[in-house]
Amino acid sequence: MYKSNLSFAEGHFDECLNLIKDQRLYKDALHIFDEGSLEWKAIWTAYGDYLIEKKYYEEAGLIYTRSEQYQKAVTAFQESQNWELALCAATKAGNSENQVVELALSFAETLKGNKHYFEAAVLLDQYVMDSEGAIATLIEGHNWKEAIRMIHKYKRLDLMETHLRPNILNQSSVIQEMIQEMTEKITTYTQRLKYVRNTKKMKKTEVLWDETFSADADLYSDTSSVSGLSRKLPSSASRQTSSLSGSLMTQCTSRKKKKQNQKKYTLKEGSQNEDLALIAALSDLFHSSGRMTGEVGSLLKTLVMMGYDQEAVTLQHNFTDLLKLIENSTSDVWPTCKLDTEMVFGPQSTANTLIMALQQKNQDMSPIISDPDLRNPPPIVKSETWKLVLLQ
């Protein structure tokens, strides 16, 4: 009904616009009026105001741009942090050069705060005309290659000494400390995880031993015949295997439910889920090392370019050792699953052979990682494109 009434809006546009706003018929109304007409622009502007209320800032900026409300578009694009379109709108709005510079500076500070150093440097260079500030921003963000390019473009070789050299040496030291810390943590956590798993395995074996003797005490009677023993063993073993399997499944189900409500684990020694905490910590460390390859590779090139060969050699060697440690530790943290040892029954079986078989089965079972998010290891860094051959 409302849509059909819009077509009779000629001569009553104010009433029509109120109807559009009240019933939110913006998109339907846009097709009724000629594009570019005053009525069309008024509807687009009203639509932009509505989107601002709903906090769809970027879309509102696009709408304002279509309706030639450029100053409103600037504000909308500022809210959405779209600096490119905001500066375009500011130019169309006829803002003064100083206003554009202030807008660019505001965006540059925000971008630096969000660690978008390259984009901040573009604004400082192209709009603020602050080449030194742009170079300093690139160096702060470790964009070494672009910083060196701009240093030579503006013939500011003095910045190589005052800005670039101190920062690359400092960053080299920071990365070296990170590598050492990560190496120590991986070694410590891996050893602790092995200890925790072995402790749990021993406790499980002790429980299994006690349950086996308790459930089948009559098997150890001197009057039991070999044939009688052989008849009882399969039934008993079946019950024990079922009990063990059921116990493990119950454990897994219970832990999964807990992880749905709480995904954080504590590294406190002796805590219930210490093994999961260690796996989670190791997974984070492995992921972090993989993300470091790009930064390390860029830093190595810059160190060599600036003549710091020994620092570069040491950095590449230590980072290579870290990646090797991670590769070697992966199979310890996420061991390949093994098949359960087959249990042998028959007239020649004894209580002792049964217990030994159960113990062997327990030893051969891979550790159960109850949290599904931790069951798969992070991808191992195989590529060596970050390395420099001249440093090997």
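Figured I'd write up the structure that's included with this text. Residue numbering note: each chain is counted from 1, following its sequence as written. For a predicted model such as this one, the threshold for reporting local features is a pLDDT of at least 70, and the threshold for listing and counting side-chain atom pairs is 80 or more; totals across whole chains, interfaces and linings nevertheless cover every residue. To get the side-chain values, take all heavy atoms of the structure and skip hydrogens and water.

Moving on to the overall build of the protein chain. Within the protein chain one finds 16 helices and zero strands. The buried label goes to any residue with under 20% of its type's maximum accessible area, the exposed label to any with over 50%, and the partly exposed label to all in between, with areas taken from a 1.4 Å probe on protein chains only. Sorting the 392 residues of the protein chain into buried and exposed places 40% on the buried side. Two residues form a contact once any of their heavy atoms are found within 4.5 Å. In the protein chain, the proportion of contacts linking residues at least 24 apart, taken out of those at least 6 apart, comes to 62%. Surface accessibility in these figures is a Shrake-Rupley result with a 1.4 Å probe; residues are shielded only by whichever protein chains are displayed. Carbon and sulfur atoms form 51% of the exposed surface of the protein chain, whose accessible area is close to 23,100 Å². Numbering goes from the N terminus for both helices and strands, where a helix is a DSSP run of H or I of at least four residues and a strand is a run of E of at least two.

Glancing now at the packing of aromatic side chains. Pairing of aromatic side chains requires ring centres within 6.5 Å, counting the rings of Phe and Tyr and the six-membered ring of Trp. Pairs whose planes differ by under 30 degrees are stacked, by over 60 edge-to-face, and all others tilted. Evaluated as defined, the whole model comprises three aromatic pairs. Summarising the aromatic geometry, the rings of Trp-40 and Trp-44 are spaced 5.2 Å apart at their centres and angled 55 degrees between planes, so their arrangement reads as tilted. Taken together, the residues Trp-40 and Trp-44, both in helix 4 (residues 38–53) and four residues apart, mark about one turn of the helix. Given a relative accessible area of 5%, Trp-40 falls into the buried group.

Time to look at unusual backbone geometry. For Gln-81, which is not glycine, the phi dihedral falls at a positive 60 degrees. Secondary-structure assignment places Gln-81 in the loop between helix 6 (70–79) and helix 7 (83–92). Of note in this structure, Met-129 is not a glycine but carries a positive phi near 60 degrees. Given the relative accessible area of 64%, Met-129 is considered exposed.

What follows deals with helix 14 (residues 274–305). One fewer than the residue count of a helix, multiplied by 1.5 Å, yields its expected span. With 32 residues, helix 14 extends 46 Å from end C-alpha to end C-alpha; this agrees with the ideal 46 Å at 1.5 Å per step. Here the bend at a residue means the angle between the axes of two seven-residue stretches, the one that ends at it and the one that starts at it. Most pronounced at Met-292, the bend in helix 14 amounts to some 35 degrees. Gly-307 sits one or two residues past helix 14 and shows a positive phi near 90 degrees.

The terminal C-alpha atoms of helix 8 (residues 97–113), which comprises 17 residues, lie 24 Å apart, in line with the 24 Å expected from a rise of 1.5 Å per residue. Taken together, the buried positions of helix 8 are occupied by Val-100, Val-101, Leu-103, Ala-104, Phe-107, Ala-108 and Leu-111. In a view along the axis of helix 8, the buried residues occupy a sector of 160 degrees, so they form one face of it. Set apart from the buried face of helix 8 by more than 90 degrees, the exposed residues are Asn-98, Glu-102, Glu-109 and Gly-113. Where helix 8 is buried, its residues meet helix 6, helix 7 and helix 9 (117–126). Just downstream of helix 8 lies Lys-115, where phi reads positive at about 65 degrees. Arc, as used here, means the arc of the directions from the helix axis to the C-beta atoms.

Attention shifts here to the side chain of Thr-330. Here Thr-330 is to be found in helix 15 (residues 309–333). Thr-330 gets classed as buried once you look at its relative accessible area, which sits at 9%. In this structure, Thr-330 is in contact with Phe-286, Pro-377 and Ile-380, ignoring residues within four places of it in sequence.

The next thing to look at is the packing of helix 7 against helix 9. The relative placement of two packed helices is expressed as an angle between their axes plus a distance between the axes. To obtain each axis, a line is fitted to C-alpha atoms, and for helices this fit is confined to the stretch in contact; angles are then taken between N-to-C directions over 0 to 180 degrees. Axis separation between helix 7 and helix 9 bottoms out at 12 Å; the angle between their running directions is 20 degrees. Overall, the two elements helix 7 and helix 9 adopt an arrangement that is roughly parallel. Crossing of helix 7 against helix 9: the hand is right-handed. For the pair helix 7 and helix 9, the contacting residues are Trp-83, Glu-84 and Leu-87 in the first and Glu-119, Val-122 and Leu-123 in the second. Taken together, the residues that form the contact of helix 7 with helix 9 break down as four nonpolar, no polar and two charged. Roughly parallel means an angle under 35 degrees; roughly antiparallel, over 145; roughly perpendicular, 65 to 115; everything else is oblique. Crossing handedness follows the turn of the near helix against the far one: under a right angle anticlockwise gives a left-handed crossing, and clockwise gives a right-handed one. Polar here means any residue outside two lists: the nonpolar Ala, Val, Leu, Ile, Met, Phe, Trp, Tyr, Cys and Pro, and the charged Asp, Glu, Lys and Arg; Gly therefore counts as polar.

Summarising the element assignment, Ile-186 is placed in helix 12 (residues 158–215). Through-space distance from the C-alpha of Ile-186 to that of Phe-286 is 8.7 Å; in sequence the pair is 100 residues apart. Those residues within four positions of Ile-186 in sequence are excluded, and the remaining contacts are Leu-282, Leu-285, Phe-286, Leu-322, Leu-325, Ile-326 and Ser-329.

Structurally, the position occupied by Asp-373 is in the segment after helix 16 (351–364). Between the alpha carbons of Asp-373 and Ala-280 there is a distance of 9.0 Å; along the sequence they are 93 residues apart.

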